Amino acid sequence: MSEKSSSSGSDEDVDPESGQPVEFGGVLSKWTNYIHGWQDRWVVLKNNTLSYYKSQDEREYGCRGSLCLSKAVITPHEFDECRFDISVNDSVWYLRAEDPEHRLQWIESIELHKAESGYGSETSLRRHGSMLSLTSAASALSSTSTSSFKKGHRLREKLAEMETFRDILCRQVDTLQKYFDSCADAVSKDEFQRDRVVEEDEDDFPTPTTARPDGEYNHNNNGSKEKLFSPASPKGMNGIDFKGEAITFKATTAGILSTLSHCIELMVKREDSWQKRLDKELEKRRRVEDAYKSAMNELKKKSHYGGPDYEEGPNSLINEDEFFDAVEAALDRQDKIEEQSQSEKVRIPRLTPVPPGDAYSTIGTHRFANKPHSHSSSLCSVELVSASDDIHRFSAQVEEMVQNHMTYSLQDVGGDANWQLVIEEGEMKVYRREVEENGIVLDPLKATHAVKGVTGHEVCHYFWDTAVRMDWETTIENFNVVETLSDNAVIVYQTHKRVWPASQRDVLYLSAIRKILATNENDPDTWLVCNFSVDHDNALPTNRCVRAKINVAMICQTLVSPPEGDKEISRDNILCKITYVANVNPGGWAPASVLRAVAKREYPKFLKRFTSYVQEKTAGKPILF
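What comes next concerns the included structure. The structure presented is a predicted model; accordingly, all values stated were derived computationally and were not measured.

**What to know about the overall build of the protein chain**
When helices and strands are tallied, the protein chain shows 10 helices and 23 strands. Counting all 625 residues of the protein chain, 37% fall into the buried class. Sequence-distant contacts, at least 24 apart, represent 60% of the contacts inside the protein chain between residues at least 6 apart. For the protein chain, the exposed surface amounts to about 37500 Å²; the carbon and sulfur share of it is 52%.

**Overview of unusual backbone geometry**
One non-glycine residue with positive phi stands out, namely Asn47, at about 50°. You can see Asn47 is positioned in the loop between strand S3 (37–46) and strand S4 (49–53). The class of Asn47 is exposed, set by a relative accessible area of 61%. You will see that Asn48, though not glycine, has its phi angle at about 60°, which is positive.

**Structural notes on the packing of aromatic side chains**
This model, assessed by the stated rule, comprises 13 aromatic pairs. Ring geometry for Tyr52 and Trp93: centres 5.2 Å apart, planes at 85°, overall edge-to-face. Pair noted here: Tyr52 is in strand S4 and Trp93 is in strand S8 (residues 91–96), with a separation of 41 residues, a long-range link. Residues Tyr52 and Trp93 agree in their burial class; the two are buried. Ring centres of Phe606 and Phe610 lie 6.3 Å apart, and the angle between their planes is 15°; on these two criteria the pair is classed as stacked. Residue Phe606 and its partner Phe610 are located together in helix H10 (residues 592–618), separated by 4 residues, close to a single helical turn. Residue Phe610 is classed as buried on the basis of its relative accessible area, which comes to 0%. In this structure an aromatic cluster arises from ring pairing among Phe463, Trp472, Tyr580, Tyr603, Phe606 and Phe610. Its guanidinium or amino end placed over the ring of Trp38, Arg96 lies 5.8 Å from that ring's centre, counting from NZ or CZ. For Arg433, the ring lying beneath its charged end belongs to Trp419, and the centroid distance is 4.6 Å.

**What to know about the environment of Glu483**
Tracing the backbone shows Glu483 in strand S17 (residues 476–486). Spatially, the C-alpha atom of Glu483 lies 9.1 Å from that of His536, the residues being 53 residues apart in sequence. Filtering out sequence-adjacent residues up to four positions away, Glu483 remains in contact with Arg393, Val490, Ile491 and His536. Engagement of the side chain of Glu483 in a polar contact is seen with the side chain of Arg393, the distance being 2.7 Å.

**Details of the pattern of salt bridges**
Under the defined criterion, the tally for this structure stands at 26 salt bridges. The closest approach of N and O atoms between Glu483 and Arg393, which form a salt bridge, is 2.7 Å. Taken together, the residues span a long stretch of sequence, with Glu483 in strand S17 and Arg393 in the loop between strand S11 (361–362) and helix H7 (395–409) at a distance of 90 residues. Of the residues examined, Glu483 reaches a relative accessible area of 22% and is grouped as partly exposed. Between Arg601 and Glu602 there is a salt bridge; the shortest N-O distance is 3.3 Å. Shared partners join several salt bridges into a network, and the residues in it are Glu328, Asp332, Asp335, Arg601, Glu602 and Lys605.

**With respect to the nonpolar core**
Counting residues in hydrophobic clusters, the biggest one holds 39 residues, and the most contacted among them are Val459, Phe463, Met554, Tyr580, Phe606 and Phe610. When residues of this core are assigned to their parent elements, the largest contribution, 6 residues, is made by H10. Excluding residues that lie within four positions of it along the chain, Tyr580 makes contacts with Leu445, Lys446, Ala447, Phe463, Val552, Ala553, Met554, Tyr603, Phe606 and Leu607.

About the cut-offs
Residues numbered from 1 in each chain as written. Predicted model: local features only at pLDDT ≥ 70, side-chain atom pairs only at ≥ 80, totals over all residues. Heavy atoms only, no water. Helix = DSSP H or I, 4+ residues; strand = E, 2+ residues; numbered from the N terminus. Buried < 20%, exposed > 50% of the residue type's maximum accessible area, 1.4 Å probe, protein only. Contact = heavy atoms within 4.5 Å. Areas by Shrake-Rupley, 256 points an atom, 1.4 Å probe, with all protein chains shown as cover. Phe/Tyr/Trp six-rings, centres within 6.5 Å; stacked < 30°, edge-to-face > 60°. Lys NZ or Arg CZ within 6 Å of the ring centre and 35° of its normal. Polar contact = N/O pair within 3.5 Å; in protein donor to acceptor, adjacent residues only side chain to side chain. Salt bridge = Lys/Arg side-chain N within 4 Å of Asp/Glu carboxyl O. Core = buried A, V, L, I, M, F, W, Y, C linked by side-chain atoms within 4.5 Å.

What follows is the structure, given as structure tokens:
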């Protein structure tokens, strides 16, 4: 037996003598769990057993799981042409082939192994007679015994046959009676004629004749021999009352048949009683079977909850309420984990709220508290601030995005924009416009916030800098820079932590940071970070994640309040006004109510978490305007 490797499908070895399959192996995607989803595994079909290994090279370390196929049920998926499920009792394997042809090849091979092992074939009952179920035995018993009692049809048919036989027998008795009557009449006539002949002979020949001892023959005068009638015996023919005997026979048979008919009638009545009881028992059995099936379905649903049929998808078995509750529970668990990790860190005290009014002005009218050259090394990476120095193949798209955000994102939320205030916590306000396209929620979100003690440059730097992204972003699972376009523009690929039962999302986007100089000396300069989706050959979409599309901007302006007397400007004198806009197409099939609820819950938390991180990182450090 030789083993071949195939990255696309499967291979099969056949015994040359018997023609039976020996081994069938190949790569299939197996559903592992709702965290890791589909994973490629090396699957081997051998000796009526299906086993899987992490890879073909790791077969020597032993299989990771196996199924005996004797009682396995193979179910091709109704919608996914590449998927098929194998279930044995409560154990279910969800498998996906590369294409429908390979799925068909696997299913046929598994069925062939089952048939050759003696299960699923016509000889299976003879080989495995002890495996007959009680249900099949009861069905066989029912087909031979209870079928004859259905509505009493067979009994009534037999009774009708007995009635027919009775009619035939009566006709036969009548015929025999006629024959017996005719025989009796004939005997009477013969006796009468014989007596008459004897009387005439005695008159003509007074001399008595001598009979032979045997009494059979007598000699006439002419020498001839004549046969004589046997003398009638009192126990002979005349001693039997044929007519009476026939009447008695007829009456007896009629009585037997009548009694038999009566017995059959009693049996039919008894059968009706038993049939009613049987119908009641069958109805009870049907209800019990229905309850059993319902309980089994619920059990399977609970035991396989988290399988591919109970996650986000066009044919998901989970309803919207269950989906919502599951997402809420998963987010609550993530929040608890985050709180535990944050509790281990030393938190800065909450700063005083921003005073109202015009206490702050632009930085152009005040001197710096510290020179920019003394700021931390992590902030020195951002030196380029103008569009003319940021040239790459996406420059035109970046410029267009920046202009759009400066034109529309900073507009007031009032008027005809249809923005709805959904969250208000202190200085932070979150607005939303409800937009759906082809059933997908595309609600634009806009948040405004004011954070004391930090500048717009610092906020945008920490939002853009990939070196510190994982320090404050808790929703990301993996993160890497696909391409560095310039000192201020990178292409980033990141996968977000999965929130079951929603599918895992990934994003490929270009992130650019800009400083927009104010046209009016009384207006503050603007720092902006824009992130928008792009395509890249090194990060193509996969079937493991749903590719989301984003267009996000963080727009910051710094306001400074005059310090008292000749004091230097400190962080107590600066305020950062933040405008955050997000247009996200999540893709997939998550319910609209779930997406809106998650956005309403997560965006405020994100802003508070991020701004707190910036305050922590800049506390006690020189101000970077």
